Protein chains: 2
Amino acid sequence: MRLDVGTCRALLTGAEVARLATTGADGQPHLVPITYAVRGEIVIIGIDQKPKSGYDLRRLRNIADNPRVAVLADHYEADWTRLWWVRVDGTATVLTDGAEREAAVADLVRKYPHYRTDPPGGPVILIAVDRWSGWTASDPAGR
Amino acid sequence: MRLDVGTCRALLTGAEVARLATTGADGQPHLVPITYAVRGEIVIIGIDQKPKSGYDLRRLRNIADNPRVAVLADHYEADWTRLWWVRVDGTATVLTDGAEREAAVADLVRKYPHYRTDPPGGPVILIAVDRWSGWTASDPAGR
């Protein structure tokens, strides 16, 4: 059954890993797992470590080409009556510095204890949610 | 560290859930969780149940527009030294009937006991792998 927006937001907020899909000018979708935080109608994604190539990451190049992105969290277990997923379709912007980036990093640090000693040092992706979608195999009230 | 093709294939083969990203003509990436099977350089994705709308699914419309797709499996746990992910970038075709579709459904039934009594009845997506990518936070030999 379809999930309402409040349930979608609660499930995405509570999950620990999701995936980010971006698509650049060449039309090839790109997928990476992400850590993230949810603040109202915004999804915040940090970039953890400076890669050898600097921050010239495919996800950032794709967003520069095309800011439309999707984020998905899902739950799988052998009991298929307990499956669920939540998707955000949204519009991404990238923050490389400033107070808004600092506030977003603080949200990530609050969610993940791992970041307390080593907060994400790179650009931060902010996704403005255009649409929430979600599905569960059975009534969430029964979970 | 980056994973070699054989390790990528083994990890994807062994995982139970992955995610499919497709992008249609409008440039909006679409993401859904998938069950799937791996046969060599092919990823097989079934469509389980006939939705109310028939098989006019976004993923199928997007593939008709643009056959370039991505599939991602990942592992998350609180111990971030144990994270890994595997991605396939590939080219999708859709089979609606015939012997090749039947063989693909048989692969799905072999992997998922759930399908033994209720095999996927819809179209089957075959993804020809163009590229394997994978990453692990630590040496896979040490896992």
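Before going into details, it helps to say that this report is about the structure given with it. Everything numeric here is computed off the predicted structure, so don't read it as measured data.

Rules used in this analysis
Residues numbered from 1 in each chain as written. Chains lettered and ligands numbered in written order. Predicted model: local features only at pLDDT ≥ 70, side-chain atom pairs only at ≥ 80, totals over all residues. Heavy atoms only, no water. Helix = DSSP H or I, 4+ residues; strand = E, 2+ residues; numbered from the N terminus. Rg over C-alpha atoms; globule rule 2.2 N^0.38 Å. Buried < 20%, exposed > 50% of the residue type's maximum accessible area, 1.4 Å probe, protein only. Contact = heavy atoms within 4.5 Å. Areas by Shrake-Rupley, 256 points an atom, 1.4 Å probe, with all protein chains shown as cover. Lys, Arg positive; Asp, Glu negative; His and termini not counted. Charge placed at Lys NZ, Arg CZ, Asp CG, Glu CD. Least-squares fit on C-alpha atoms with pLDDT ≥ 70 in both. Buried area = accessible area lost by both parts, 1.4 Å probe. Salt bridge = Lys/Arg side-chain N within 4 Å of Asp/Glu carboxyl O. Polar contact = N/O pair within 3.5 Å; in protein donor to acceptor, adjacent residues only side chain to side chain. Nonpolar A, V, L, I, M, F, W, Y, C, P; charged D, E, K, R; others polar. Phe/Tyr/Trp six-rings, centres within 6.5 Å; stacked < 30°, edge-to-face > 60°. Pairing = 2+ DSSP bridges. Axes fitted to C-alpha atoms, helices over the stretch in contact; angles between N-to-C directions.

1. Concerning the overall build of chain A
No. 1: Each helix and strand counted, chain A has three helices and seven strands in total.
No. 2: In sequence order, the secondary structure elements of chain A are arranged as α-β-β-β-β-α-β-β-α-β.
No. 3: Computed over its C-alpha atoms, the radius of gyration of chain A comes to 16 Å, within 12% of the 15 Å expected for a compact globule of 143 residues.
No. 4: In terms of principal-axis extent, the alpha carbons of chain A reach across some 45 × 40 × 25 Å.
No. 5: Evaluated residue by residue, chain A yields a buried proportion of 51% over its 143 residues.
No. 6: Within chain A, contacts between residues at least 6 apart in sequence are counted, and of these 68% link residues at least 24 apart.
No. 7: Surface accessibility of chain A: about 6,500 Å² in total, with carbon and sulfur atoms responsible for 52%.
No. 8: For chain A, the distance from the average position of its 18 positive side-chain charges to the average position of its 18 negative side-chain charges is 2 Å.

2. With respect to the relation of the copies chain A and chain B
No. 1: Each copy superposes on the other: chain A lies on chain B with an RMSD of 0.0 Å after a rotation of 180° and an axial shift of 0.0 Å. The operation mapping one copy onto its partner corresponds to a two-fold rotation axis.

3. Here we look at the interface of chain A and chain B
No. 1: Contacts between chain A and chain B engage 33 residues on the former and 33 residues on the latter.
No. 2: Together chain A and chain B conceal approximately 2,900 Å² of surface at their shared face, both sides included; 63% is due to carbon and sulfur atoms.
No. 3: The largest per-residue losses of area from chain A upon contact with chain B belong to A:Leu31, A:Tyr76 and A:Trp80, which jointly make up 23% of the total buried on that side.
No. 4: The interface formed by chain A and chain B holds two salt bridges in total.
No. 5: Note that B:Arg19 and A:Asp74 form a salt bridge whose closest N and O atoms lie 2.7 Å from each other.
No. 6: There are 19 residue pairs in polar contact (both at pLDDT 80 or more) connecting chain A and chain B.
No. 7: The set of elements that each furnish at least two residues to the side of chain A that touches chain B consists of strand 1 (18–23), strand 2 (29–34), strand 5 (68–75) and strand 6 (84–95) of chain A.
No. 8: Here the element with the most residues in the side of chain A that touches chain B is strand 5 of chain A; it accounts for six residues.
No. 9: Tallied by class, residues from the side of chain A that touches chain B come to 16 nonpolar, nine polar and eight charged.

4. Description of the packing of aromatic side chains
No. 1: Across all of its chains, the model carries eight aromatic pairs over all chains by this definition.
No. 2: Measuring from ring centre to ring centre gives 6.4 Å for A:Tyr76 and A:Trp80, while their planes differ by 70°; the resulting arrangement is edge-to-face. Comparing A:Tyr76 with A:Trp80 shows no difference in burial state: the two are buried.
No. 3: With 5.7 Å between their ring centres and 75° between their planes, B:Tyr112 and B:Tyr115 make a pair best called edge-to-face. B:Tyr115 carries the same exposure label as B:Tyr112, and that label is buried.
No. 4: Among the aromatic residues, those joined into a cluster by ring pairs are A:Tyr76, A:Trp80, B:Tyr112 and B:Tyr115.

5. A word on the side chain of A:Ser133
No. 1: Secondary-structure assignment places A:Ser133 in strand 7 (residues 124–136).
No. 2: In this view, A:Ser133 contacts A:Cys8, A:Trp85, A:Val86, A:Arg87 and A:Asp89; residues no more than four positions away in its chain are not counted.

6. Focus: the sheet that holds strand 7 of chain A
Strand pairing within a sheet occurs via backbone hydrogen bonds; the two strands may be parallel or antiparallel.
All names here are of chain A.
No. 1: As summarised here, the arrangement of the seven strands in space is 2-1-5-6-7-4-3, forming an open sheet in which the pairing is antiparallel. A single partner strand is all that each edge strand has here, and the edge strands are strand 2 and strand 3 (36–39). Strand after strand, the sheet turns through a mean of 30° between neighbouring axes, direction not considered.
No. 2: Bridge count between strand 1 and strand 5: three bridges; the pairing is antiparallel. Bridged to Arg19 within strand 5 is Leu72.
No. 3: Sheet strands in contact with helix 1 (residues 5–14) are strand 1, strand 3, strand 4 (42–46), strand 5, strand 6 and strand 7, and its direction is about 120° off that of strand 7.
No. 4: Sheet strands touched by helix 2 (residues 58–65): strand 1, strand 2, strand 5, strand 6 and strand 7. Its angle to strand 1, the strand with the most contacts, is close to 50°.

Bear in mind that shape data such as this cannot, by itself, settle questions of function.
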